[in-house]
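# An overview of the molecular structure
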Amino acid sequence: MGVLPGLDLERLADQNLPTSLQIDLPLPPVRLRGQLDRKGFTELSGVLSAAMPVTTVTAFGQISLGRPPAFIVLMGATFPQPGLQIGLGFAVSGIGGVVGVNKAIDRDTLIACIADGTAGELLFPPDPVEAALRVIPRLATLFPTVPGRIVVGPMFRISWGGRMVDLSAAVVAELPEPVRFSVLGILRVMVPDPAAPVIELKATFAGQYDTAEPSAFLMASLTGSRMAGIPLDGDVLVLSRGGADPVFVLSAGGFHPAFPVPAGVPALHRLAMNLSPAPWLQLRCEAYFAVTSSTVQFGAKLFLVAEIADCGLRGQFALDVLIHFKPAMAFTASMRGSLSVEVFGETLLGIGFDLTLEGPTPWHAAGRGHIRLFLFKASFNFDERWGSPPPPLPGTPVVLRDELAKAFAQPSAWSVLPPSGAERSPVRLSPSASRQLAEGRLVHPHGRLAARQRVLPLGVDIARFGRSVVDPPERWDVAGAKLGEDDARGGAVTDSFAPGQFLDLTEDQQLGSEAFASYRSGVQYVPDFSDPEDSAFVGAALGWETEIVQDPVPLRSHIRRMIRSRAHTDAEHVAAAASIRDAHWWPAARPVVRVAAQQPLAAVSTWSMTALRTPVAGLAEVAGGDGGRPAAELRSVLAGRPGLRAVETWEAGPR
């Protein structure tokens, strides 16, 4: 059965709908291409591209008809070269935007899209249909459904120097609070000419700034880059995060193998160069460099394979250095390498070593090596220590009580906080009081007062204070806090402290622990919103006198009452009524004037225009007393009677 050509209603009735639809429709001068995918009956996603002589418009989209309904659309239009010139060698070759309702951006998926290259295909892809195979499956996870969130932002593509530098980027904002800003883009640098580049750098990058955490990160991947024909790849990351788990990371190529990667930091690929001048020679170099809040790390690795007919050389060399500064500067450097001569898969001659050096006070060197010949193998190990141990920490005991007293005595230790959203305050302040409250000179009656110090953490055993030893360890805390006669309420205040500055940790613990941790640092005072006790109420007898004061200007009052409209008077009566049942609420209905469709007629004398007083034969039967009979019939009866005529009753005078 088919009503329209190509439409099989029987299949539609059986819900045999296709899960994917391909579109390729050439309609010169426009060519439409695209793909539409269906997941169940509540989710649709796809891509549509319209190529025209002056521009090419591409749109990726995903819509969910669940509860709540949500959609995300990425739309862009590209222009043929050389683009729209805007001066100074710059040209705009693409514009677009991102719009999403009940959508957000997932940071982990965004980072994963950078690693696998999917992020670059979201922005002005050269072949949208081919890119859709990788982009469409990522839309639902990259833009998850979050009720109440809106995603919006522009997309653009700018080139400089005749495409020598090409930047495609999207800047997206998530609204409302908490506001997040995300950036996604591709930077291409092709020197000296895009047609025959000697240096071709392609950096796919993504970043996000979160005002709630707060945190900011930027990650870039160099996959697909080349320098003088040598492939380059690797990842770069910059991360700064506050809040309960503060961290700062700058890494190009990853981290030291022994360094515990902070939470939220993705796995990074090493910066690598593949040097292969000939098919029989493979030379690859990898490197990394990283800076954190307490360490500096760098390292490199070199691989060598030179073989002809399963005979040749194999070797590698690696260096890893980790320098940490807290609580004292120290470093660990490890080197390892090997080189072997292989003939038909068998090692004819080989040498290798593994060396670790720690220092500087004291120095510690440990390692092992081996030599392997075709007939025998020899190895050796060593473990040596020399130098003096680090100088002891100052023996002068530190008085932590005095340090805490100094810290709490500082004006900066006290901060004034306004009432929170959950605390509704009936107090309204004057402009002067509001200004002093903003300056921290006054405390709101229903606000909060916080007292904090950043000298040492509270509630833990303090074994050292900077470079001073605390023996035996001391534990300090706030036993009680009063504001006038009232105890402090509202819990503790926390801040970030470096555990290595206060706790007795080994070097391994210092290396494996976080640079900063959250500890209690003070208390806060909050107002008491509970109901007062009965004893707080004081009874009092009230009395009053009633006096009627006349208007001192009677004439003016009289004139005002005269010009008052009836509508105002009625409104006053209604407002003054004691009950809704008052008569002023329900005014009596006024007479209704009806207009008859046909006015009745009466027989009158043409001389006096008055109704006839004496009956005339035949008129009583026709007029029906008030002219109730049809007008045509009355006029026909009076037609032959002189001095009489039929008129409407309102024209007839009284008898």
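None of the values given here were measured: they were computed from a predicted structure.

### Structural notes on the side chain of Thr118
Structurally, the position occupied by Thr118 is in helix α3 (residues 118–121). Apart from the residues within four sequence positions on either side, Thr118 is in contact with Cys113, Arg134, Val135 and Arg138.

### Digging into the sheet that holds strand β31 (residues 492–497)
Strand order in the open sheet formed by four strands is β25-β26-β32-β31, with antiparallel pairing between adjacent strands. The sheet is open, and its two borders are formed by β25 (414–417) and β31, each paired with just one other strand. Strand-to-strand, the axes of this sheet are offset by a mean angle of 35 degrees, without reference to chain direction.

### Things to note about helix α2 (residues 107–116)
Counting along an α-helix, one turn takes 3.6 residues, and residues three or four places apart therefore face a common direction. Listed as buried for α2 are Thr109, Leu110, Ile111, Cys113 and Ile114. Those residues of α2 hidden inside the fold are in contact with α3, α4 (128–142), β10 (180–191), β11 (199–210) and β12 (215–221). For α2, the capping residue at the N-terminal end is Asp106, with a side-chain oxygen 3.4 Å from the backbone nitrogen of Asp108. A positive phi of about 85 degrees marks Gly117, the residue just after α2.

### A word on the layout of surface pockets
Within this model, the second largest pocket holds a volume of roughly 620 Å³. Along its surface, the second largest pocket is lined by 34 residues, and Leu123, Phe124, Pro125, Pro126 and Arg157 are the ones closest to its centre. Secondary-structure elements contributing two or more residues to the lining of the second largest pocket are β4 (56–64), β5 (70–78), α3, α4, β10 and β11. In terms of residues, the lining of the second largest pocket owes the most to one element, α4, which gives four residues. Taken together, the residues of the lining of the second largest pocket break down into 14 nonpolar, 13 polar and seven charged.

### Digging into helix α5 (residues 400–409)
For α5, the set of buried residues is Leu400, Leu404 and Ala407. Projection of α5 onto a plane perpendicular to its axis shows the buried side chains occupying an angular sector of 60 degrees, all on one side. Looking at α5, the residues exposed on the side facing more than 90 degrees away from the buried face are Arg401, Lys406 and Ala409.

### Points about empty space enclosed by the protein
With a probe scaled to a water molecule rolled over the atoms, the places where space remains empty come into view. Here the structure, examined in full by the defined rule, presents three cavities of 30 Å³ or more. Within this model, the largest cavity holds a volume of roughly 110 Å³. Taken together, 13 residues make up the lining of the largest cavity; nearest its centre are Ile105, Leu110, Phe143, Val172 and Leu184. For the lining of the largest cavity, the secondary-structure elements that each account for two or more residues are β9 (165–175) and β10. Split by residue class, the lining of the largest cavity holds twelve nonpolar, one polar and no charged. The space that makes up the second largest cavity amounts to roughly 50 Å³. Lining the second largest cavity are Thr58, Phe60, Leu74, Met75, Gly76, Leu122, Phe124, Pro125 and Met155. Put simply, the parts of the chain that give the lining of the second largest cavity at least two residues each are β4 and β5.

### Quick look at the pattern of salt bridges
Tallied over the entire structure, the rule returns 19 salt bridges. For the salt bridge of Glu307 with Arg314, the shortest nitrogen-to-oxygen distance reads 2.9 Å. Looking at Glu307, the relative accessible area reads 22%, which means it is partly exposed. Take Arg314: its relative accessible area is 36%, and that puts it in the partly exposed class. Across the pair Asp461 and Arg475 runs a salt bridge whose closest N-O atoms are separated by 3.2 Å. You can see Asp461 sitting in strand β27 (residues 461–465) and its partner Arg475 sitting in strand β28 (residues 468–475), a full 14 residues away along the chain. By sharing partners, the salt bridges in this structure join Arg149, Glu174, Arg180 and Asp210 into a single network.

### Side note on the nonpolar core
Membership of the largest hydrophobic core comes to 38 residues, with the highest contact counts inside it found for Leu74 and Leu184. Elements supplying a minimum of two residues to this core: β5, α2, α4, β8 (145–160), β9, β12, β15 (235–241) and β16 (247–252). The leading source of residues in this core is α4, at six residues. In this view, Leu74 contacts Thr58, Ala59, Phe60, Gly97, Val98, Leu122, Leu139, Phe143 and Met155; residues no more than four positions away in its chain are not counted. Membership of the second largest hydrophobic core comes to 15 residues, among which are Val398, Leu400, Leu456 and Phe465.

### With respect to the side chain of Asp495
Note that Asp495 resides in strand β31. A polar side-chain atom of Asp495 sits 3.1 Å from a polar atom in the side chain of Arg452.

### Regarding the confidence of the model for the protein chain
The predicted model of the protein chain has a mean per-residue pLDDT of 80, with 79% of residues at 70 or higher. By mean pLDDT, the top-scoring element of the protein chain is strand β7 (residues 90–103) (93), and the lowest-scoring one is helix α1 (residues 9–13) (50). Note that residues 1–7 has pLDDT below 50 and, in this model, seven contacts with residues that lie over four places away or in other chains. The low-confidence segment residues 621–628 (pLDDT under 50) makes 15 contacts with residues lying over four places distant or belonging to another chain.

### Brief notes about the packing of α2 against α4
Packing of α2 against α4 brings their axes to within 10 Å, and their N-to-C directions diverge by 155 degrees. Relative to α4, the element α2 lies roughly antiparallel. As α2 packs across α4, the resulting crossing turns out to be left-handed. On α4, the residues that touch Thr109, Leu110, Ala112, Cys113 and Asp116 of α2 are Arg138, Thr141 and Leu142. Its residues placed into classes, the contact of α2 with α4 shows four nonpolar, two polar and two charged.

What counts and how
- Once a new chain begins, its residue numbering starts again from 1 and follows that chain's sequence as written.
- Given that this is a predicted model, residues contribute local features only at a pLDDT of at least 70 and side-chain atom pairs are listed and counted only at 80 or more, while totals for whole chains, interfaces and linings are drawn from all residues.
- In computing side-chain properties, one takes all heavy atoms of the structure into account and sets aside hydrogens as well as water.
- Where helices and strands are cited, they refer to DSSP runs of H or I of at least four residues and of E of at least two residues respectively, numbered from the N terminus.
- We call two residues in contact when some of their heavy atoms are within 4.5 Å.
- Whether two strands pair comes down to DSSP finding at least two bridges between them.
- Working convention: axes come from line fits to C-alpha atoms, limited for helices to the stretch in contact. Angles between N-to-C directions cover 0 to 180 degrees.
- Only protein chains enter the accessibility calculation, which uses a 1.4 Å probe; a residue is then buried when its area is under 20% of its type maximum, exposed when over 50%, and partly exposed in between.
- Whenever two N or O atoms come within 3.5 Å, that pair is a polar contact, provided that in protein one can donate a hydrogen and the other can accept it, and provided that, for residues adjacent in sequence, both atoms are side-chain atoms.
- A cavity here means a set of 1 Å grid points, computed over protein atoms only, where a 1.4 Å probe fits but cannot escape. A pocket is an open set with protein on both sides within 12 Å along at least 5 of 7 lines, and lining residues have an atom within 4 Å of a point.
- Grid points are joined across faces, edges and corners, and a volume is the space filled by probe spheres set on the points.
- Gly is placed with the polar residues, together with every amino acid not listed as nonpolar (Ala, Val, Leu, Ile, Met, Phe, Trp, Tyr, Cys and Pro) or charged (Asp, Glu, Lys and Arg).
- Arc definition: directions from the helix axis to the C-beta atoms.
- A pairing counts as a salt bridge when a side-chain nitrogen of Lys or Arg comes within 4 Å of a carboxyl oxygen of Asp or Glu.
- Among the buried residues, those of types Ala, Val, Leu, Ile, Met, Phe, Trp, Tyr and Cys that are joined through side-chain atoms within 4.5 Å form a nonpolar core.
- Per-residue confidence from the predictor is given as pLDDT, running between 0 and 100.
- Comment on the angle field: the value is read as roughly parallel under 35 degrees, roughly antiparallel over 145, roughly perpendicular from 65 to 115, and oblique elsewhere.
- With the far helix as reference, a near helix turned anticlockwise by less than a right angle produces a left-handed crossing, and one turned clockwise produces a right-handed crossing.

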